[in-house]
Amino acid sequence: MPSDPSHPTSPTRRPTDEAYLDDDPFDPPSSLLTLPWADCHNHAHTLSWEDRERYAISGCRAMVLVASGYHWTPYKPVDAADVQFLWDDVVNRRRAIERNHFFETGLALGIHTGVRITNPDDLLALMEEYCELDEVVALGETGITPAQHAESWGLDEQRAVVQAQMELADTYDLPVLLHTPNQIEDGPDYRPGVGLPGFESNTSLGQDLVLTGDNPELEAVKMDVEAAADAGLAEERIVASHADSNNVDYLLGETDCYASFTVGYPWLTGVTATDVAEAIHEYGPDRVLMDTDCANILKTDVFSVKKAIFELYRLGIDVDDIRQVVWENPRRLFGFEDQDY
Ligand SMILES: [Zn+2]
């Protein structure tokens with residue numbers, strides 16, 4: 001005899017939730033489980049083999065490996081040969097990474113302004129030759145940095161280096177990955193000497209701001225966009241990585257730049273899928289991207305974009321719009337193969 005009178009076929013002893021959920025409209029979007037996605041900004045060549053395998057397991061189809069960061073150049077100030085080594089390291093291993101993990105890779109080579117470089121003109125001359133390589137799909141990450149590590153670099157010199165890279169990007173029809181500084185809230189008070197746990201940097205070597213004012217992080221982005229104008233680089237060739245609530249209205253509301261939300265380390269930046277959802281609700285998905293920015297020197301999550309895919313859906317974003325943000329936009333901007341996923 002059925003024990004749940006409203007569901008005569010139910011074998012449960014008394015009604016469960018199931019007896020009341022007939023009108024539940026939720027239809028699980030199983031296509032999200034295999035949705036193709038790209039990571040338009042990471043440093044996966046600095047991670048472990050297992051980390052790169054995790055990208056593949058979570059359905060990452062393509063990524064931009066960024067080689068420009070001063071974190072990996074041991075000497076300060078940096079000279080051109082130090083940065084060229086970073087470029088050569090990723091050129092050296094790119095195809096082996098693809099063979100091991102099956103996702104497509106493109107390279108972004110750049111001159112970062114987080115540490116002063118002694119002979120940037122030599123590096124810019126070299127960069128021109130690297131722009132000819134098929135595997136180079138972007139220049140960067142670069143952009144005005146309000147304060148340097150170990151030794152300051154004047155704003156005029158930084159701006160000249162950023163603008164010169166933008167001129168090259170325009171000449172070679174490459175997008176530029178901007179490093180836009182995040183506005184970071186004060187974290188907990190750590191005991192003296194431990195630095196910033198989660199970031200393998202001697203943070204005590206941080207220098208005074210060379211860009212001051214109420215909002216140097218936003219001011220830096222505005223200077224980058226001005227530099228692009230002077231370089232003749234169209235705003236739609238700029239992907240501003242590290243978009244956050246401090247710069248998104250400027251980027252998406254006042255420029256034609258793309259905004260890529262770095263969701264790989266919210267413990268530091270506070271940036272999560274919620275920020276991405278807000279941007280899509282406000283401005284649509286056409287110029288929104290996401291990236292992990294995963295790197296070995298930072299506590300970062302290679303699954304963060306994949307997790308954000310699910311979270312965006314929960315936050316009301318349609319599957320087609322999510323697909324545009326994590327696949328169609330990066331695929332088109334960085335020229336990844338369209339394999340009819
Ligand atoms: Zn990065």
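Model, not experiment: these values are computed from the prediction.

## A word on the overall build of the protein chain
Logical step 1: Secondary structure assignment for the protein chain yields 10 helices and 8 strands.
Logical step 2: Relative to the compact-globule value of 20 Å for 341 residues, the protein chain shows a C-alpha radius of gyration of 22 Å, a close match.
Logical step 3: Across its three principal directions, the C-alpha atoms of the protein chain cover 85 × 45 × 40 Å.
Logical step 4: Each of the 341 residues in the protein chain was classed as buried or not, and the buried ones make up 50%.
Logical step 5: The long-range share in the protein chain, meaning contacts at least 24 apart out of those at least 6 apart in sequence, stands at 75%.
Logical step 6: Just so you have it, the protein chain exposes about 16,200 Å², and 46% of that area is on carbon and sulfur atoms.
Logical step 7: Looking at the protein chain, you have 23 positive and 63 negative side-chain charges, and the mean spots of the two groups are 8 Å apart.

## Describing empty space enclosed by the protein
Here the idea is plain: a probe the size of a water molecule rolls over the atoms and shows the empty space left.
Logical step 1: Considering all chains together, one arrives at 1 cavity of 30 Å³ or more under this definition.
Logical step 2: A volume near 40 Å³ is recorded for the largest cavity.
Logical step 3: Around the largest cavity sit Ser68, Gly69, Tyr70, Thr73, Val78, Val83, His112, Val115 and Ile117, which together line it.
Logical step 4: Within the lining of the largest cavity, the residues separate by chemical class into 5 nonpolar, 4 polar and no charged.

## Considering helix H10 (residues 319-334)
Logical step 1: Counted at 1.5 Å a residue, the expected span for H10 with its 16 residues is 22 Å, and the 22 Å between its end C-alpha atoms agrees.
Logical step 2: At valine 325, H10 shows its maximal kink, close to 40 degrees.
Logical step 3: What H10 keeps buried is the set Ile322, Val325, Val326, Trp327, Asn329, Pro330, Arg331, Leu333 and Phe334.

## Thoughts on the coordination of the zinc ion
Logical step 1: Here the zinc ion is held by the protein donor atoms His41 (NE2), His43 (NE2), Glu141 (OE) and Asp293 (OD), which lie 2.1 to 2.2 Å from it.
Logical step 2: Viewed at the metal, the 4 donor atoms of the zinc ion are separated by angles of 84 to 172 degrees, and the geometry they form is irregular.
Logical step 3: Coordination of the zinc ion draws on donor residues from a single chain, spaced H-x1-H-x97-E-x151-D in sequence. Per residue, the accessibility class of histidine 41 equals that of histidine 43, and both read buried.

## A closer look at the environment of leucine 123
Logical step 1: Structurally, leucine 123 can be placed in helix H3 (residues 120-130).
Logical step 2: Classification of leucine 123 as buried rests on a relative accessible area of 0%.
Logical step 3: Placed 43 residues apart in sequence, leucine 123 and alanine 80 show a C-alpha to C-alpha distance of 5.0 Å.
Logical step 4: Discounting residues that sit within four places of it in the chain, leucine 123 has contacts with Ala80, Val83, Gln84, Trp87, Ile111 and Ile117.

## Some remarks on the pattern of salt bridges
Logical step 1: Evaluation of the coordinates by the stated rule reveals 11 salt bridges.
Logical step 2: With its nearest N and O atoms 3.0 Å apart, the salt bridge here joins aspartate 230 to arginine 159. Pair noted here: aspartate 230 is in helix H5 (residues 216-231) and arginine 159 is in helix H4 (residues 155-171), with a separation of 71 residues, a long-range link.
Logical step 3: Of the residues examined, aspartate 230 reaches a relative accessible area of 52% and is grouped as exposed.
Logical step 4: The residue arginine 323 makes a salt bridge to glutamate 328 at a minimum N-O spacing of 3.1 Å.
Logical step 5: Using a relative accessible area of 23% as the deciding quantity, one classes glutamate 328 as partly exposed.
Logical step 6: Sharing partners across several salt bridges, the network here consists of Arg323, Glu328, Arg331 and Asp338.

Rules behind the numbers
Residues numbered from 1 in each chain as written. Predicted model: local features only at pLDDT ≥ 70, side-chain atom pairs only at ≥ 80, totals over all residues. Heavy atoms only, no water. Helix = DSSP H or I, 4+ residues; strand = E, 2+ residues; numbered from the N terminus. Rg over C-alpha atoms; globule rule 2.2 N^0.38 Å. Buried < 20%, exposed > 50% of the residue type's maximum accessible area, 1.4 Å probe, protein only. Contact = heavy atoms within 4.5 Å. Areas by Shrake-Rupley, 256 points an atom, 1.4 Å probe, with all protein chains shown as cover. Lys, Arg positive; Asp, Glu negative; His and termini not counted. Charge placed at Lys NZ, Arg CZ, Asp CG, Glu CD. 1 Å grid on protein atoms, 1.4 Å probe; cavity = no way out; pocket = protein on both sides within 12 Å on 5 of 7 lines; lining within 4 Å. Points joined across faces, edges and corners; volume = space filled by probe spheres on them. Nonpolar A, V, L, I, M, F, W, Y, C, P; charged D, E, K, R; others polar. Expected span 1.5 Å × (residues − 1). Bend = angle between axes of the 7 residues up to and from the residue. Donors = N, O, S within 2.8 Å, 3.2 Å for Na, K, Ca; no water. Tetrahedral: all angles 85-135°; square planar, octahedral: opposite > 155°, others 65-115°. Salt bridge = Lys/Arg side-chain N within 4 Å of Asp/Glu carboxyl O.

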